[in-house]
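Okay, here's what each chain looks like letter by letter:
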Protein chains: 2
Amino acid sequence: MNILDDLKYNEQGLIPAIVQDATSGRVLMMAWMNRESLERTLEIGEMVYWSRSRRELWHKGATSGHTQKVIDLAFDCDRDALLARVEQVGAACHEGYQSCFFRSIQSGEPVVTEERLVDPEKVYGKAAQ
Amino acid sequence: MNILDDLKYNEQGLIPAIVQDATSGRVLMMAWMNRESLERTLEIGEMVYWSRSRRELWHKGATSGHTQKVIDLAFDCDRDALLARVEQVGAACHEGYQSCFFRSIQSGEPVVTEERLVDPEKVYGKAAQ
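Heads up: these notes are all about the structure in this document. (Residues numbered from 1 in each chain as written. Chains lettered and ligands numbered in written order. Predicted model: local features only at pLDDT ≥ 70, side-chain atom pairs only at ≥ 80, totals over all residues. Heavy atoms only, no water.)

Before going further, it helps to examine the pattern of salt bridges. With the rule as written, the count across this model stands at 14 salt bridges over all chains. Here E39 of chain A and R35 of chain A are joined by a salt bridge, their closest N and O atoms 2.9 Å apart. Placement of both E39 of chain A and R35 of chain A in helix α1 (residues 35–44) is noted, with a separation of four residues, approximately one turn of the helix. With relative accessibility at 26%, the residue R35 of chain A sits in the partly exposed group. For R26 of chain B, the salt bridge goes to E114 of chain B, with nearest N and O atoms at 2.6 Å. In this pair, R26 of chain B is assigned in the loop between β1 (14–21) and β2 (27–34) and E114 of chain B in the loop between β8 (109–112) and α2 (120–124), connecting sequence segments 88 residues apart. (Salt bridge = Lys/Arg side-chain N within 4 Å of Asp/Glu carboxyl O. Helix = DSSP H or I, 4+ residues; strand = E, 2+ residues; numbered from the N terminus. Buried < 20%, exposed > 50% of the residue type's maximum accessible area, 1.4 Å probe, protein only.)

What follows deals with the side chain of D76 of chain A. Relative to the assigned elements, D76 of chain A resides in the loop between β5 (68–75) and β6 (82–88). Buried and without a salt bridge, D76 of chain A has R103 of chain B as its closest oppositely charged side chain, separated by 6.5 Å. There is a polar contact of 3.0 Å between the side chain of D76 of chain A and the backbone nitrogen of D80 of chain A. (Lys, Arg positive; Asp, Glu negative; His and termini not counted. Polar contact = N/O pair within 3.5 Å; in protein donor to acceptor, adjacent residues only side chain to side chain.)

On to the nonpolar core. In this structure, L7, M29, M33, L38, M47, Y49 and L82 of chain B are the most contacted members of the largest nonpolar core, which totals 26 residues. Mapped onto this core, the elements with two or more residues apiece are β1, β2, β5 (68–75) and β6 (82–88) of chain B. Top element by residues in this core is β2 of chain B. It accounts for four residues. L28, M47 and F102 of chain A together with C77 of chain B belong to the second-largest nonpolar core, a separate cluster that totals 25 residues. (Core = buried A, V, L, I, M, F, W, Y, C linked by side-chain atoms within 4.5 Å.)

Taken together, the contact pairs 37 residues of chain B with 37 residues of chain A. Of the roughly 3,100 Å² buried at the junction of chain B and chain A (both faces included), carbon and sulfur atoms supply 65%. Among the residues of chain B in contact with chain A, C77, R103 and I105 of chain B are the three that bury the most area, contributing 22% of the side total. Counting across the interface, chain B meets chain A through two salt bridges. For R52 of chain A, the salt bridge identified is with D80 of chain B, shortest N-O distance 3.4 Å. Along the contact surface separating chain B from chain A lie twelve residue pairs in polar contact (both at pLDDT 80 or more). Elements represented by at least two residues in the side of chain B that touches chain A include exactly β1, β2, β5, β6 and β7 (103–106) of chain B. Note that strand β7 (residues 103–106) of chain A and β5 of chain B share two bridges and pair antiparallel. Bridging across to β5 of chain B, R103 of chain A finds its partner in F75 of chain B. (Contact = heavy atoms within 4.5 Å. Buried area = accessible area lost by both parts, 1.4 Å probe. Pairing = 2+ DSSP bridges.)

Structure (structure tokens):
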């Protein structure tokens, strides 16, 4: 059996993927994959997700250049979550931070915990959000 | 506004939580939280999830002793995922591994990539699965 058939996708056919910088260990983002995006990821060696908002395959970095080279792709004991260790080019977050998890809850308040790496307007243009 | 009201829960009222060992950086597991489990987590300083199978709050380690002390709790740019950095006692995975992500896909095949830390039968008894 193909291992991709053995994973558990949710009712939308999706499985969550945690993305970690293979060098620093920083958790960069979480996104969703479907079977097709997983096949494409394994084929090209770069992370390809399923964009739930645009309802299409999303080759991360195709526009920004901030690609994610796959170093290792693991799955959990329940087979319903993935962990990708990647080489991240530039910033993972569309807001210009290294990690999407740039805010923490401290004493009940949101606190920004890292510096912005790049200006998102320069990467995505003013229309970016 | 309470920051917990500002997070995006899915249609089941849940938000995914990535759990990372604060010292080693190893990603240990992914589980789901609801607003109540988040409040309880912040209150006691240990990870409390929502068990989707048992449909109840799940204080990780209450049975096994393998608790997770919260060091930092971050949320992502879309406010629909959490990253908890924790001090993990013992093994995070109910199968006895440090991490639930103990298998990787290599050349299309599942490969176990870490040693078992503990015998699950000794922690949870023979009925464990």
